[in-house]
Amino acid sequence: MGSHARPNRLHRTGARIATVALVGAVLPITAGGLAEAATPSATHSVDENERTSGQAAGTVGQGQGREQGAPDATGQDAPVIKADHAFLLDARDGSQEREMWAGTKADESVAMASTTKIMTALVVLKYPERLDQQFTVKQEYRDYVTKAGSSTADLQTGDKLTARQLLHAMLLPSGADAAMALADNFGSGDTTDARIADFESQMNAEAQQLGLTGTHFDSFDGISHGDNRSTARDLAKLGQRAMLKPVFADIVKRKQFKTEAPAANGRTRYYTWNNTNVLLSTYDGALGIKTGSGAEAGYAVVFAAERDNRTLVGAIVGADKDRFEDAAKMLDWGFAH
């Protein structure tokens, strides 16, 4: 499966550096596969490509540099933002959605970077019976992030983590190593390439089932082979559907997550993962969801917030470093209408 050979990928979602701690005594893992570290001896630096608005490597998407403030199709005023690839919906009771506002390029398919991992998580969550199954970290997961220059959760070779832990590692620090581990273990096939290809087929099947007509996946983490794309409208809808999953919603609202895992030498490894989503610390009522950035994709964020029993979900893709400010403006506008 040559088209899935990870070392040949050129685009980056952003390199990150992390540290983990290893201690001598093995501590028990809870029934859910997670246990709080006895001592917070590990730190995990935040992915500068995902976390900050000014230091990440990436290009500005097409159509940037002008603000939108003209009335929308319904005659209402619109949020004044820079992003063109933007969409906002009212999630209502969670099972329904109502379009509130669409940017001028809300339906243009563009590279989506690490927001891809929302669908990776959705596919994994189709197998709830496997969430607490342990999987061994392979060296090839670490090799992949090194060669691709992608974001990492700094998973250590030989450690055993549950799918639930790997979801945290993928969705908070945007770990491509964790995304690869999930794709490798939730796809079918005799080789890693075959399993990843099958997993990506599952991602596309789910997109089709959800009616995401402007979306196609050729990647489990957002590092594209040339056809990994979505629209702001589709990503907002995808985020809304993902938030219906309690496990997903619980993960993406966390600013930080600490956990432990059995290490290859029989000791205990402690991990600390920080969320790349600035909105969780800066916007009242923020619930998530996922950031993304890359040389091809620019900056992206799929976001959600709740106020006065209303939940709004939006997406910005192919934007510049002001994505979080634009997201806040869209939410403010949405809650005012």
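Residues numbered from 1 in each chain as written. Predicted model: local features only at pLDDT ≥ 70, side-chain atom pairs only at ≥ 80, totals over all residues. Heavy atoms only, no water.

Time to look at the side chain of T291. Position of T291 relative to the elements: it lies in strand β10 (residues 286-294). Side-chain polar atoms of T291 contact the side chain of T276, separated by 2.6 Å. (Helix = DSSP H or I, 4+ residues; strand = E, 2+ residues; numbered from the N terminus. Polar contact = N/O pair within 3.5 Å; in protein donor to acceptor, adjacent residues only side chain to side chain.)

This part covers the pattern of salt bridges. This model, assessed by the stated rule, comprises 16 salt bridges. Between D332 and R307 there is a salt bridge, and its shortest N-O distance comes to 3.8 Å. You can see D332 sitting in helix α10 (residues 323-335) and its partner R307 sitting in strand β11 (residues 298-307), a full 25 residues away along the chain. For D332, a relative accessible area of 41% corresponds to the partly exposed category. (Salt bridge = Lys/Arg side-chain N within 4 Å of Asp/Glu carboxyl O. Buried < 20%, exposed > 50% of the residue type's maximum accessible area, 1.4 Å probe, protein only.)

Before going further, it helps to examine helix α5 (residues 176-186). Among the 11 residues in α5, 10 count as buried, and that is most of the element. Residues of α5 that are buried: A176, D177, A178, A179, M180, A181, L182, A183, D184 and F186.

With that settled, the discussion passes to helix α7 (residues 232-242). Of all the 11 residues making up α7, 9 are buried; the element is thus mostly covered by neighbouring parts of the structure. If you check which residues of α7 are buried, you get A232, R233, D234, L235, A236, L238, G239, Q240 and A242.

Per-chain confidence: the chain averages 83 in pLDDT, with 77% of residues scoring 70 or above. Every residue in residues 23-67 is under pLDDT 50, and counting partners more than four places away or in other chains gives 142 contacts. pLDDT under 50 marks residues 69-75. Its contacts with residues more than four places away, or in other chains, come to 9 contacts. (pLDDT = per-residue confidence, 0-100. Contact = heavy atoms within 4.5 Å.)

In this section: the packing of aromatic side chains. Summed over all chains, the structure comprises 5 aromatic pairs. Ring geometry for F257 versus W273: centroids 6.4 Å apart, planes at 15°, classification stacked. Residue F257 is found in strand β8 (residues 256-262), and its partner W273 is found in strand β9 (residues 268-274); the two are separated by 16 residues along the sequence. Here the aromatic residues Y127, F135 and F186 are joined through ring pairs into a cluster of three or more. Sitting over the face of the ring of F186, R130 holds its NZ or CZ atom 4.3 Å from the ring centroid. (Phe/Tyr/Trp six-rings, centres within 6.5 Å; stacked < 30°, edge-to-face > 60°. Lys NZ or Arg CZ within 6 Å of the ring centre and 35° of its normal.)

Let us now look at the sheet that holds strand β2 (residues 86-90). One open sheet holds the 5 strands; their spatial order is β3-β2-β12-β11-β10, and the pairing between them is antiparallel. Strands at the two margins of the open sheet, each flanked by one partner only, are β3 (98-102) and β10. Ignoring which end each strand starts from, the neighbouring axes of this sheet average 10° apart. Where β2 and strand β12 (residues 310-319) come together, 5 bridges link them in antiparallel fashion. In the sheet register, L89 faces β12, and the bridge partner there is V313. The sheet contacts of α10 involve β2, β3, β10, β11 and β12, and relative to β11 the element is tilted by about 30°. (Pairing = 2+ DSSP bridges. Axes fitted to C-alpha atoms, helices over the stretch in contact; angles between N-to-C directions.)

Let us now look at the nonpolar core. With 68 residues, the main nonpolar core has M119, L155, L167, F248, W273 and I289 as its most contacted residues. Element by element, the count of residues in this core is highest for α5, at 8 residues. When sequence neighbours within four positions are dropped, the list of residues in contact with L155 reads V137, R142, L161, L166, A169, D177, A178, Y271 and W273. Of all hydrophobic cores here, the second largest spans 25 residues; its members include A78, I81, W101 and A305. (Core = buried A, V, L, I, M, F, W, Y, C linked by side-chain atoms within 4.5 Å.)

To continue, consider unusual backbone geometry. A cis geometry characterises the amide bond from G288 onward to I289, with omega recorded as 25°. In this fold, I289 is placed in strand β10. Not every positive phi belongs to a glycine, and D308 is a case in point at roughly 50°. Along the polypeptide, D308 turns up in the loop between β11 and β12. A residue is classified by how much of its surface remains accessible, and D308, at 75% relative accessible area, is exposed. Here the phi dihedral of N309 falls at roughly 65°; this positive angle occurs in a residue that is not glycine. Under the relative-accessibility criterion, N309 is labelled exposed at 75%.

Attention now moves to the packing of helix α2 (residues 117-124) against helix α6 (residues 192-209). Relative to each other, α2 and α6 sit at 95°, their axes nearing to 9 Å. Comparing the axis directions of α2 and α6 gives the class roughly perpendicular. Every residue of α6 that contacts α2 at M119, T120, V123 and V124 is listed here: F199, Q202, M203, E206 and A207. In terms of residue class, the contact of α2 with α6 is built from 6 nonpolar, 2 polar and 1 charged. (Parallel < 35°, antiparallel > 145°, perpendicular 65-115°, else oblique. Nonpolar A, V, L, I, M, F, W, Y, C, P; charged D, E, K, R; others polar.)

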